[in-house]
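What follows is each chain in one-letter form.
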Amino acid sequence: MLSIKRVATVVSNYQEDASESLGCGRNCLGHCCLPVSKLPLYTFKKGVKDSTEAGIEISSEGQPPAAFLNNLLLGQWEDRMSRGLFRYDVTLCETKIIPGNYGFIAQLNEGRHMKKRPTEFQVDRVLQPFDENKFNFTKIGQEEVLFRFEQSKDNNAQYFPVSPVTADSSSSNVVAINVSPIEYGHVLLIPHVLECLPQRIDHGSFLLALHMAKEAADPFFRVGYNSLGAFATINHLHFQAYYLMTPFPVEKAPTQRIIRRGKLTNCGVMISKLLNYPVQGFVFEGGNSLQDLSDAVANSCIFLQNNNIPFNVLISDCGGRIFLFPQCFAEKQALGEVRQELLETLVNPAVWEISGHMVLKRREDYENASEEYALRLLAEVSLSEERFQEVKDYVLEAAGLNMMEEINERNEEDFNNPPTPRATPTLA
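Residues numbered from 1 in each chain as written. Predicted model: local features only at pLDDT ≥ 70, side-chain atom pairs only at ≥ 80, totals over all residues. Heavy atoms only, no water.

Q: Mind showing me how you'd approach the packing of helix α5 (residues 290-306) against helix α11 (residues 385-398) here?
A: A pair of packed helices is characterised by two quantities: the angle between their axes and the separation of those axes. Across the interface, α5 lies against α11 with an axial gap of 8 Å and an inter-helix angle of 130 degrees. Accordingly, the angle class assigned to the pair α5 and α11 is oblique. Note that α5 runs across α11; the crossing there is right-handed. Along its contact with α5, which presents Asn-299, Ser-300, Phe-303 and Leu-304, the element α11 presents Val-391, Tyr-394, Val-395 and Ala-398. (Axes fitted to C-alpha atoms, helices over the stretch in contact; angles between N-to-C directions. Helix = DSSP H or I, 4+ residues; strand = E, 2+ residues; numbered from the N terminus. Parallel < 35°, antiparallel > 145°, perpendicular 65-115°, else oblique. Left-handed = near helix turned anticlockwise from the far one by under 90°. Contact = heavy atoms within 4.5 Å.)

Q: What's the story with the sheet that holds strand β4 (residues 105-108) in this structure? I'm lost.
A: Hydrogen bonds between backbone groups are what pair the strands of a sheet, and the pairing can be parallel or antiparallel. Read from one edge to the other, the open sheet built from three strands follows the order β3-β4-β16, with strand pairing classed as mixed. The open sheet is flanked by β3 (95-97) and β16 (357-360), the only strands paired with a single partner. Between one strand axis and the next, the sheet turns by 20 degrees as a mean value, whatever way the strands run. As paired elements, β4 and β16 share four bridges and run parallel to each other. Bridging from a neighbouring strand, Ala-106 pairs with Met-358 of β16. (Pairing = 2+ DSSP bridges.)

Q: How do you make sense of the nonpolar core when you look at a structure like this?
A: The nonpolar side chains of soluble globular proteins are, as a tendency, buried together. Within the largest apolar cluster, 63 residues are counted, with the highest numbers of intra-cluster contacts made by Phe-149, Phe-206 and Phe-284. With near-sequence residues (within four places) excluded, Phe-149 lies in contact with Tyr-42, Phe-44, Leu-69, Asn-173, Val-175, Leu-189, Leu-208, His-211, Met-212 and Glu-215. (Core = buried A, V, L, I, M, F, W, Y, C linked by side-chain atoms within 4.5 Å. Buried < 20%, exposed > 50% of the residue type's maximum accessible area, 1.4 Å probe, protein only.)

Q: Explain helix α1 (residues 68-82) to me, please; I cannot follow it from the model alone.
A: Each α-helix winds once per 3.6 residues, and so residues spaced three or four apart point in a common direction. Here α1 is 15 residues long and its end C-alpha atoms lie 21 Å apart, about the 21 Å a rise of 1.5 Å per residue gives. Residues of α1 that are buried include every one of Leu-69, Asn-70, Leu-72, Leu-73, Leu-74, Trp-77 and Arg-80, and no others. Of the residues one or two after α1, Gly-84 is the one with positive phi, at around 75 degrees. (Expected span 1.5 Å × (residues − 1).)

Q: Whenever I open this one, unusual backbone geometry confuses me. Can you help?
A: For residues that are not glycine, phi is negative in most cases, and the peptide bond is trans in most cases. With a phi angle near 45 degrees, His-192 is a residue other than glycine that sits in the positive phi range. Tracing the sequence through the fold places His-192 in the loop between β8 (187-190) and α3 (203-216). Since its relative accessible area comes to 28%, His-192 is described here as partly exposed. Notably, Asn-276 is not glycine yet its phi reads approximately 50 degrees, a positive angle. In this structure, Asn-276 sits in the loop between β12 (269-274) and β13 (282-286).

Q: I tried to follow the confidence of the model for the protein on my own but got confused; where do I start?
A: The predicted coordinates should not be examined in detail at positions where pLDDT is low. Chain-level pLDDT for the protein is 84 on average; 79% of the residues reach the 70-or-more range. Counting contacts from residues 1-19, a segment whose pLDDT is below 50, to residues more than four positions away or on other chains yields 34 contacts. In this model residues 411-428 is a low-confidence stretch, pLDDT under 50, and it forms 33 contacts with partners more than four residues away in sequence or in other chains. (pLDDT = per-residue confidence, 0-100.)

Q: Could you clarify how one ought to interpret the pattern of salt bridges in this entry?
A: Pairs may arise between side chains of opposite charge once their charged atoms sit close together. According to the stated counting rule, one finds eleven salt bridges in the structure shown. Between Glu-367 and Arg-363 there is a salt bridge whose closest N-O contact spans 3.5 Å. Remark: Arg-363 and Glu-367 occur in helix α9 (residues 363-367); sequence separation between them is four residues, near one turn of the helix. (Salt bridge = Lys/Arg side-chain N within 4 Å of Asp/Glu carboxyl O.)

Q: Looking at this structure, how should I read α3?
A: With 14 residues, α3 should reach 20 Å at 1.5 Å per residue; the first-to-last C-alpha distance of 20 Å fits that figure. Taken across its 14 residues, α3 has twelve buried, putting it largely inside the fold. The complete set of buried residues in α3 reads Ser-205, Phe-206, Leu-207, Leu-208, Ala-209, Leu-210, His-211, Met-212, Ala-213, Lys-214, Glu-215 and Ala-216. Of the residues that open α3, the one with a side-chain oxygen 3.1 Å from the backbone nitrogen of Gly-204 is Asp-202. Ala-217 sits one or two residues past α3 and shows a positive phi near 55 degrees. (Polar contact = N/O pair within 3.5 Å; in protein donor to acceptor, adjacent residues only side chain to side chain.)

Q: Got a minute to help me understand the packing of aromatic side chains in this structure?
A: To describe a pair of aromatic rings, one takes the distance between the centres and the angle between the planes. Per the stated rule, a full pass over the model turns up 20 aromatic pairs. Ring centres 4.8 Å apart and planes at 50 degrees place the aromatic pair Phe-221 and Tyr-243 in the tilted group. You can see Phe-221 sitting in strand β9 (residues 221-226) and its partner Tyr-243 sitting in strand β10 (residues 239-243), a full 22 residues away along the chain. Among the residues examined, Tyr-243 registers a relative accessible area of 5% and is labelled buried. (Phe/Tyr/Trp six-rings, centres within 6.5 Å; stacked < 30°, edge-to-face > 60°.)

Q: I would appreciate a short explanation of the pairing of strand β2 (residues 38-44) in the present structure.
A: Working note: regular strand, side chains alternate between the two faces of the sheet. Among the seven residues that make up β2, six are buried, leaving the element largely enclosed by the rest of the structure. As judged from the five bridges shared by β2 and strand β6 (residues 158-164), these two strands associate in the antiparallel manner. Bridge pairing links Leu-39 to Ser-163 in β6. Here four bridges tie β2 to strand β5 (residues 145-151), and the two strands are oriented parallel to one another.

Below is the structure:
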């Protein structure tokens with residue numbers, strides 16, 4: 001059960017006496033300001049046998065109550081909207097389901113193209129050193145921060161409306177708004193913000209992202225990751241997350257289980273590959289603990305980034321199902337192999353587009369959006385069958401498996417009959 005620690009007077013970091021000078025005076029997330037700040041703190045419980053099942057407490061009526069983290073995140077996000085901190089009102093963006101077998105989702109988001117920060121690094125290298133002279137998250141204002149997100153020290157989930165950033169927590173994990181949002185509740189999870197980590201997966205940060213998905217306890221809240229070369233635009237370690245009240249097409253795709261004898265068979269992690277989907281990818285699920293699942297995916301991601309293979313990750317089902325997509329769109333683009341009509345749409349196929357949420361920049365593309373267009377775009381993202389098979393062997397080896405055989409997990413007839421989510425989706 002989550003408890004709220006109340007204080008005598010709840011004063012936010014932004015309402016303190018202006019005469020009190022803290023840090024550099026810009027109220028940023030840098031070393032100058034964060035260690036002397038007070039920010040809301042959410043602590044999550046981590047048990048020894050931390051299951052991959054979402055920790056939702058069921059009421060006597062048999063329905064899961066609204067998760068506290070959900071209400072906290074959305075309440076704080078809407079507060080920042082009322083303050084005018086976003087570059088545009090994403091709730092006014094038009095959205096529709098594209099007719100066809102896959103159910104791709106199209107959104108018209110003209111503001112994101114015009115007002116999003118430009119990419120400031122090379123796109124042909126997945127691993128690049130952090131550069132403090134380029135934009136990074138230590139430069140954002142604390143008004144963009146919703147709360148810190150840390151593991152509980154007493155193994156209880158708690159929320160502190162005001163909490164000093166003490167010396168032993170000065171490298172905080174923060175959840176902040178994405179000022180150029182794609183959807184409602186679009187936020188960033190920035191692990192160890194003061195350590196200025198480049199955009200690369202490590203075991204601890206990936207596990208943190210899974211904990212966030214699990215704590216949200218909402219099947220419509222997904223967490224995503226883009227590597228450099230796969231359309232991450234900021235070289236400062238971060239994950240993205242938002243709410244979309246309908247299944248992503250990739251979540252409905254049939255899969256084929258990959259069975260190997262090795263370490264993962266002992267920890268319960270299952271790996272499958274996508275079938276009948278325009279982008280080749282892996283699906284990880286199960287595990288005796290969240291740590292087991294996290295380590296299997298993180299090991300695979302670390303192999304990809306160490307071998308300069310761009311990739312995207314979608315964390316679905318409250319952290320219980322993870323999609324991993326090696327991709328090559330930027331490589332093809334650099335070689336002049338992507339068709340011009342696709343480049344003219346200005347769509348960068350990152351994790352959300354690959355998963356089936358097409359964020360379109362021009363009205364003409366939105367009005368003419370078709371399943372054929374989405375399939376053409378995603379075909380340019382996917383590795384060839386030969387290259388994917390080669391990558392698959394190395395990914396599974398990184399995950400600690402050998403002696404492969406494959407069986408169908410969900411057949412293609414299931415594609416248009418996905419499991420019913422716990423909530424009723426509504427989409428205009």
